[in-house]
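Residues per chain, in single letters:
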Amino acid sequence: KPDCVMKKERVLLMGKSGSGKTSMRSIIFANYIARDTRRLGATIDVEHSHVRFLGNLVLNLWDCGGQDTFMENYFTSQRDNIFRNVEVLIYVFDVESRELEKDMHYYQSCLEAILQNSPDAKIFCLVHKMDLVQEDQRDLIFKEREEDLRRLSRPLECACFRTSIWDETLYKAWSSIVYQLIPNVQQLEMNLRNFAQIIEADEVLLFERATFLVISHYQCKEQRDIHRFEKISNIIKQFKLSCSKLAASFQSMEVRNSNFAAFIDIFTSNTYVMVVMSDPSIPSAATLINIRNARKHFEKLERVDGPKHSLLMR
Amino acid sequence: VGGVCRVGWGTGPPLLQVPEDFISRELFDTVQVYVITKPELQNKLITVTAMEKKLIGCPVCIEHKKYSRNALLFNLGFVCDARAKACALEPIVKKLAGYLTTLELESGFISNKESKQKLVPIMTILLEELNAKGKCTLPIDESNTIHLKVIEQRPDPPIVQEYDVPVFTQNKDDFFNSQWDLTTQQILPYIDGFRHVQKISAEADVELNLVRIAVQNLLYYGVVTLVSILQYSNVYCTTPKVQDVVDDKCLQEECLSYVTKPGHKRASLRDVFQLYCGLSPGTTVRDLISRYTLQLQRVDERRLIQFGLMKGLIRRLQKYPVKVAQDERSLPARLYTGCHSYDEICCKTGMSYKELDERLENDPNIIVCWK
């Protein structure tokens, strides 16, 4: 079987200066904690980074500085260079911005350029810094913004998320974004379902190893908290970073009470798995053995399944 | 020098230009990545030539928590025509970058809204004065003034040898003032266009290498030029430039005033030109004098030679001994390679011309070349 071919996806990160693009990128991909991002300086022109994801995927991140002089440049002399071959456009809006018209103007210029150069690109709008909005206002404000953005984006479609670096919402948005780019996601889900059913788990989650973004999950029982995925991502990532500060590397965890047992462990070379069991008769050892045996199967999946899918097939 | 611009972050226009709109939007977009740069290019002198213009700047980054975005970035640069030679402006750009950095660190000069207003008037003064006078005195506030000068780049001067003779290119009296360093002041009285460096060193009681360096310095600024030791046994010949004495009226004027014997009527061009043309290989100065007594009535032959050398109208033919066969007895052999002139050998060994001549004439292993 042939070695998998590296798939490169260009991801554009755009938005007004100071809206939080570099901070987000640093937290998700560079192991910053939220507090660390206070030290960041303004991004000058474009910062390029290549992020390896799930072994056979490379995210080519273009973090574009948002100062007016750069923005104007992107839409004129650098237009073709920036907007061609884009798979994903992430546009970040600062919820506190006082220049709503200007923000929208730039956003629309972006969309125009995308329509011309990469019409199949997926568009995500992040309404960011939501922690600065009063808690009881958040849903309302986000709904308003979402409506405006969907309207303004036509004929293109955009997915909107509300985010903050101080809670789990950041992980939800980025998981959804990256999920779109994973080449063999259906197969992954199918295999996860089989695994979950065989070991009689309530729920199984698959995380990407470095970022802890949830890339796949299967649940057989209804769960109460629909935001549990991103919360878990956030918690485990923080824990992982704390461990590394003590020069220890996080490997696995078992959390147990009278109602459930959750196992978090390294799975394949690119993933972590979380298995939630609520059947008290199944001993930990059994679950751990099952996880160990499943590893080989999933490892093979990762290696063999290259990016057979093209843009059209998705 | 055209406009001066400054670019910064934060509120307010990112680009300040004097005169306004000197740089088009298009040009700025093209080069902005070299004006406000990524960290790797910060604090370096950067010259960008594009669209008929040349921009010389030094992007500065000052990191501090107090600034929004944790840093202040700015760049004060000069814009001139693409074909202009801008190297003389580079030290000024660097100096200004340093000044502005210090002003910002001390009193927030650039980031402060009020003092920022002063930038345009400062840039205006800079532009006007540097263009008009090549120098500028900028009062920034009550306690700070910046002094700038465009210093012309000159080519490196040649090494000065102990047998070279410095001669003033202009009126000697103009240079007798205390702005020169002590060494130069000490040797200035001994520069007469006839004393060679070694002699100056001996008579002024200044170490030889110091004299060489001091003279080289004077050479750099065009205060003196170098000629060779004048002896009546010297041989000279004309260069193609000698025609200029006839063609160039200015040069002619200068020449005739220079070579005329003091107290005599002005020498005629005919006589002077004949004298120059009389110099040729095989003719010593002594020979010239005996042949052209009439022409030399109003002409000082020493100054004639001196002027000819200074202006490149004539050149000296030197004698270079070459050892053609090995012989233990004759020394110093290392100087007889054909690369060292009689002047040099005499200076270095302390022999006189006559002594050297006698020694070499009698040595069958040595041939003397004229070049």
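Residues take numbers from 1 onward in each chain, read along the sequence in its written order. A letter from A marks each chain and a number from 1 marks each ligand, given out in the order of writing. Residues qualify for local features only when their pLDDT is at least 70, as the model is predicted, and side-chain atom pairs are given and counted only at 80 or more; totals for whole chains, interfaces and linings, by contrast, use all residues. Values shown for side chains rest on all heavy atoms present in the structure; no hydrogens or waters enter the calculation.

Undergrad: Lay out the overall build of chain B with the relevant residues and their values.
TA: In terms of regular secondary structure, chain B is built from 14 helices and 14 strands. Taking the principal axes of the C-alpha coordinates as reference, chain B spans close to 85 × 55 × 40 Å. For each residue, the accessible area found with a 1.4 Å probe, counting protein chains only, is set against the maximum for its type, and the residue is called buried under 20%, exposed over 50%, and partly exposed in between. Counting over 371 residues, chain B shows a buried share of 46%. Note on areas: Shrake-Rupley with a 1.4 Å probe; residue coverage comes only from the protein chains shown. Surface summary for chain B: the accessible area is close to 19700 Å², and the carbon and sulfur share equals 52%. Charged-residue counts in this description rest on Lys and Arg as positive and Asp and Glu as negative, His and the chain ends being excluded. In this description, the location of a charge corresponds to atom NZ of lysine, CZ of arginine, CG of aspartate or CD of glutamate. Taking the 46 positively charged and 45 negatively charged side chains of chain B as two groups, their mean positions are separated by 1 Å. Only runs of H or I of at least four residues qualify as helices and only runs of E of at least two qualify as strands under DSSP, and these elements are numbered from the N terminus.

Undergrad: Explain the nonpolar core residue by residue, including any values.
TA: Most often, soluble globular proteins keep nonpolar side chains buried together rather than apart. Residues enter a nonpolar core if they are buried and are Ala, Val, Leu, Ile, Met, Phe, Trp, Tyr or Cys, with the set joined through side-chain atoms within 4.5 Å. The biggest cluster of nonpolar side chains holds 51 residues, and the ones touching the most others in it are Phe53, Leu59, Ile90, Trp174, Phe195 and Val275 of chain A. Leu12, Tyr106, Ala113 and Cys125 of chain A belong to the second largest nonpolar core, which has 39 residues in total.

Undergrad: Tell me what's going on with empty space enclosed by the protein, and back it up with residues and numbers.
TA: Space inside and on the surface of the protein is sampled on a 1 Å grid over the protein atoms alone, with a cavity defined as a set of points where a 1.4 Å probe fits but cannot get out and a pocket as an open set with protein on both sides within 12 Å along at least 5 of 7 lines; lining residues have an atom within 4 Å of a point. Grid points are joined across faces, edges and corners, and a volume is the space filled by probe spheres set on the points. One pass over the full model with this rule turns up eight cavities of 30 Å³ or more. In this structure, the largest cavity occupies an estimated 100 Å³ of space. Taken together, 15 residues make up the lining of the largest cavity; nearest its centre are Val35, Leu55, Ile56, Gly57 and Asn75 of chain B. Put simply, the parts of the chain that give the lining of the largest cavity at least two residues each are helix H1 (25-35), strand E3 (46-50), strand E4 (53-57) and strand E6 (71-81) of chain B. For the lining of the largest cavity, the leading source of residues is E6 of chain B, giving five residues. Partitioning the lining of the largest cavity into residue classes produces twelve nonpolar, three polar and no charged. Taken as a whole, the second largest cavity spans an internal volume of roughly 60 Å³. Surrounding the second largest cavity, Leu54, Asn56, Asn184, Leu188, Thr271 and Glu302 of chain A form its lining. Charged residues are taken to be Asp, Glu, Lys and Arg, nonpolar residues to be Ala, Val, Leu, Ile, Met, Phe, Trp, Tyr, Cys and Pro, and polar residues to be all remaining types, Gly included.

Undergrad: Would you mind going over the interface of chain B and chain A in detail, with residue names and values included?
TA: The interface is formed by 14 residues belonging to chain B together with 17 residues belonging to chain A. Here's the idea: put two parts together, see how much 1.4 Å probe accessible area each one loses, and the total over both is what we call buried area. Both faces considered, chain B and chain A share a buried interface measuring about 1300 Å² in area, 50% of it formed by carbon and sulfur atoms. Here, a salt bridge means any Lys or Arg side-chain nitrogen found within 4 Å of an Asp or Glu carboxyl oxygen. Joining chain B to chain A, the criterion identifies one salt bridge. Of the charged contacts, one joins lysine 38 of chain B and glutamate 47 of chain A as a salt bridge, the two residues approaching to 3.6 Å between their closest N and O atoms. Throughout, a residue-residue contact means that at least one pair of heavy atoms, one from each residue, lies within 4.5 Å.

Undergrad: Go over the sheet that holds strand E5 (residues 122-128) of chain A with me, naming the residues and quoting the values.
TA: All names here are of chain A. In this analysis, strands are considered paired if DSSP registers two or more bridges between them. Taken together, the six strands give an open sheet; going across it, the order is E2-E3-E1-E4-E5-E6, and neighbouring strands pair in mixed fashion. The sheet terminates laterally at strand E2 (46-53) and strand E6 (158-162), the two strands that pair on one side only. Each strand of the sheet is rotated relative to its neighbour by a mean of 20°, with strand direction disregarded. Together, strand E1 (7-15), strand E4 (88-94), E5 and E6 form the strand contacts of helix H4 (residues 100-117), whose direction differs from that of E4 by roughly 175°. Against the sheet, helix H5 (residues 138-153) touches E4, E5 and E6, its axis set at about 160° to E6. Axis lines are fitted to C-alpha atoms, over the contacting stretch for helices. Their N-to-C directions set the angle, which ranges from 0 to 180 degrees.

Undergrad: Account for the environment of threonine 283 of chain B, naming residues and giving values.
TA: Residues and elements named next belong to chain B. Residue placement: threonine 283 occurs in the loop between helix H10 (269-278) and helix H11 (285-291). For threonine 283, a relative accessible area of 5% puts it in the buried group. Sequence spacing of threonine 283 and glycine 77 is 206 residues, and the spatial spacing of their C-alpha atoms is 60 Å. With residues up to four places along the chain from it excluded, the contact list for threonine 283 reads Asn234, Val235, Tyr236, Gly278, Leu288 and Arg291.

Undergrad: Describe in detail helix H8 (residues 228-245) of chain A, supporting the description with residues and values.
TA: In a regular helix each residue adds 1.5 Å, so 18 residues correspond to 26 Å; H8 of chain A covers 26 Å between its end C-alpha atoms and thus fits that length. Residues of H8 of chain A that are buried include every one of Arg228, Phe229, Glu230, Ile232, Ser233, Asn234, Ile236, Lys237, Lys240, Leu241 and Cys243 of chain A, and no others. For a helix, the expected span equals 1.5 Å multiplied by the residue count minus one.

Undergrad: Requested: an account of the pattern of salt bridges, with residues and values cited.
TA: Across all of its chains, the model carries 22 salt bridges over all chains by this definition. When the shortest N-O distance is used, the salt bridge between aspartate 63 of chain A and arginine 25 of chain A registers 2.9 Å. One end of the pair, aspartate 63 of chain A, is in strand E3 (residues 57-64); the other, arginine 25 of chain A, is in helix H1 (residues 21-29), and 38 residues separate them in sequence. Residue class for arginine 25 of chain A comes out buried when judged on its relative accessible area of 15%. Across the salt bridge formed by arginine 195 of chain B and glutamate 203 of chain B, the nearest N and O atoms sit 2.7 Å from each other. Put simply, Lys16, Asp68, Glu99 and Lys102 of chain A are held in one network by salt bridges that share partners.

Undergrad: Pulling in residues and values, what's your account of the side chain of serine 118 of chain A?
TA: All names here are of chain A. Along the chain, the position of serine 118 falls in the loop between H4 and E5. Counting of polar contacts relies on pairs of N or O atoms within 3.5 Å, with two restrictions inside protein: one atom must be capable of donating a hydrogen and the other of accepting it, and residues adjacent in sequence are counted only when both atoms are side-chain atoms. A polar side-chain atom of serine 118 sits 3.0 Å from the main-chain amide nitrogen of valine 86. Ignoring sequence-local partners within four residues, the contact set of serine 118 consists of Phe83, Arg84, Asn85, Val86 and Ala113.

Undergrad: Which residues make up the sheet that holds strand E8 (residues 214-219) of chain A, and what are the values?
TA: Residues and elements named next belong to chain A. Spatially, E8-E7-E11-E10-E9 is the arrangement adopted by the five strands of the open sheet, whose pairing is antiparallel. Edge positions in the sheet fall to E8 and strand E9 (252-256), since each of these pairs with one other strand and no more. Across this sheet, the average inter-strand angle for adjacent strands is 10°, counted without regard to direction. Across five bridges, the pairing between strand E7 (residues 203-208) and E8 is antiparallel. When the sheet's bridge partners are listed, phenylalanine 207 is paired in E8 with valine 214. Here helix H7 (residues 185-199) sits on the sheet in contact with E7, E8 and strand E11 (271-277), set at roughly 40° to E8.

Just distances and angles here, no functional claims.
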